[in-house]
Amino acid sequence: MDDKIEAVDRISSLPEFVLNHILSFLHIKDAARTCVLSKRWNCIWCSFPRLEFDQTTCIKDELDSNPEYMEQVREFMINVVDKSVLRLIQNNLKIESFSLTMPVADPNLIWLVDRWMELIVLGR
Amino acid sequence: MSSSSTTTTTTRLLMLKASDGVTFEVEEAVATKLGAINNMVEEEGSEDLICLPNVNGKFLGMVLEWCKKHANNNTNSDKGNDEVNKWWDKEFVMDLDQNTLYHLLMAADYLSGTELVDLLTEKVASMIRGKKVEEIRETFKIKSDFLPGQEEEIRKKNSWAFE
């Protein structure tokens, strides 16, 4: 009897805002991976309104801080943040929260952050 | 507020009636841990019977059990209360099957039990955290309904999440 109950996918049929709430407890990488579970989860992820990025969690080996590797991580972060912001803006979806944590202050990044903030504010 | 001259605080009892007719007699302080009940009590004032057509007795009972524990723990002004609540919350969600989890979440949301919704959604999140896509599908019995090649395309587009 119990086996039969568990064989049915109940969680996917929770309302969208509940699934959003579930994703908000996850690290953004874990949340993003749910996009390939099924069409339903893909929809949930594509409109997930909380963008929280922390570069420190992308660094695999803290001791490996050679400039080349750090540059790779930086580029990767910029790419992910840029894609995520555009995904929501281009689909006219609202962004509830946005946060970005990067370990090194980088003057070249200021214009990019400005651009993201401008897009987010205009999209509201 | 000044209508009563008694100084003793009597505990008001509310009667909650679930969709299947099952009723629960609960102290007001317990039931008002749920935002929806709290609003009804404030609005309707003297009404002691509250009908809840969207929750059945089994799950209403579980929600109220949670409220009771939290209300009791919070009345003892003990520093260890947070710890007790946390321990009890852990026990409460530990062995929930997904069907119960689903209905409890729906009930907690309908009754605006914010803390309970947080507890249950965090439980679901813990079943996803750090797992591979295939493992999550297995856990929740999710069937992929993508067209051939579609999943690969989405993975490529979000490759950063899979590295």
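Rules behind the numbers
Residues numbered from 1 in each chain as written. Chains lettered and ligands numbered in written order. Predicted model: local features only at pLDDT ≥ 70, side-chain atom pairs only at ≥ 80, totals over all residues. Heavy atoms only, no water. UniProt positions renumbered as here; feature names shortened; annotations may be inferred. 1 Å grid on protein atoms, 1.4 Å probe; cavity = no way out; pocket = protein on both sides within 12 Å on 5 of 7 lines; lining within 4 Å. Points joined across faces, edges and corners; volume = space filled by probe spheres on them. Helix = DSSP H or I, 4+ residues; strand = E, 2+ residues; numbered from the N terminus. Nonpolar A, V, L, I, M, F, W, Y, C, P; charged D, E, K, R; others polar. Salt bridge = Lys/Arg side-chain N within 4 Å of Asp/Glu carboxyl O. Buried < 20%, exposed > 50% of the residue type's maximum accessible area, 1.4 Å probe, protein only.

Chain B is annotated in an unreviewed UniProt entry as SKP1-like protein of Trema orientale. The record in UniProt for chain B states the following under Pathway (unreviewed entry): "Protein modification; protein ubiquitination." Quoted verbatim from the Function (unreviewed entry) field of UniProt, the annotation for chain B is "Involved in ubiquitination and subsequent proteasomal degradation of target proteins. Together with CUL1, RBX1 and a F-box protein, it forms a SCF E3 ubiquitin ligase complex. The functional specificity of this complex depends on the type of F-box protein. In the SCF complex, it serves as an adapter that links the F-box protein to CUL1."

Looking at an unreviewed UniProt entry, chain A carries the name F-box domain containing protein, with the source organism given as Trema orientale.

Visitor: If you had to explain the layout of surface pockets to someone new, which residues and values would you point to?
Guide: Empty space among the atoms becomes apparent when a probe as large as a water molecule is rolled across them. Each pocket or cavity is described by its volume, and for the largest pocket that value is around 230 Å³. Residue lining of the largest pocket: N42, W45, C46, K83, S84 and R87 of chain A together with I154, K157, N158 and W160 of chain B, and that is the complete set. Residue assignment for the lining of the largest pocket shows that the elements contributing at least two residues are α4 (39-46) and α5 (67-90) of chain A together with α8 (150-157) of chain B. Of the residues contributing to the lining of the largest pocket, the split by class is 4 nonpolar, 3 polar and 3 charged.

Visitor: Account for the pattern of salt bridges, naming residues and giving values.
Guide: Scanning all chains against the criterion turns up 11 salt bridges over all chains. Note that D30 of chain A and R33 of chain A form a salt bridge whose closest N and O atoms lie 2.3 Å from each other. You can see D30 of chain A and its partner R33 of chain A sitting in helix α3 (residues 28-33), 3 residues apart, about one turn around the helix. Here D30 of chain A and R33 of chain A have matching classes, each one buried. Here E28 of chain B ties to R12 of chain B by a salt bridge, and the two come within 3.7 Å at their closest N and O atoms. Here E28 of chain B is found in helix α1 (residues 28-31), whereas its partner R12 of chain B is found in the segment before β1 (13-18), with 16 residues between them in sequence. Its relative accessible area of 23% is what places E28 of chain B among the partly exposed residues. Using a relative accessible area of 22% as the deciding quantity, one classes R12 of chain B as partly exposed.

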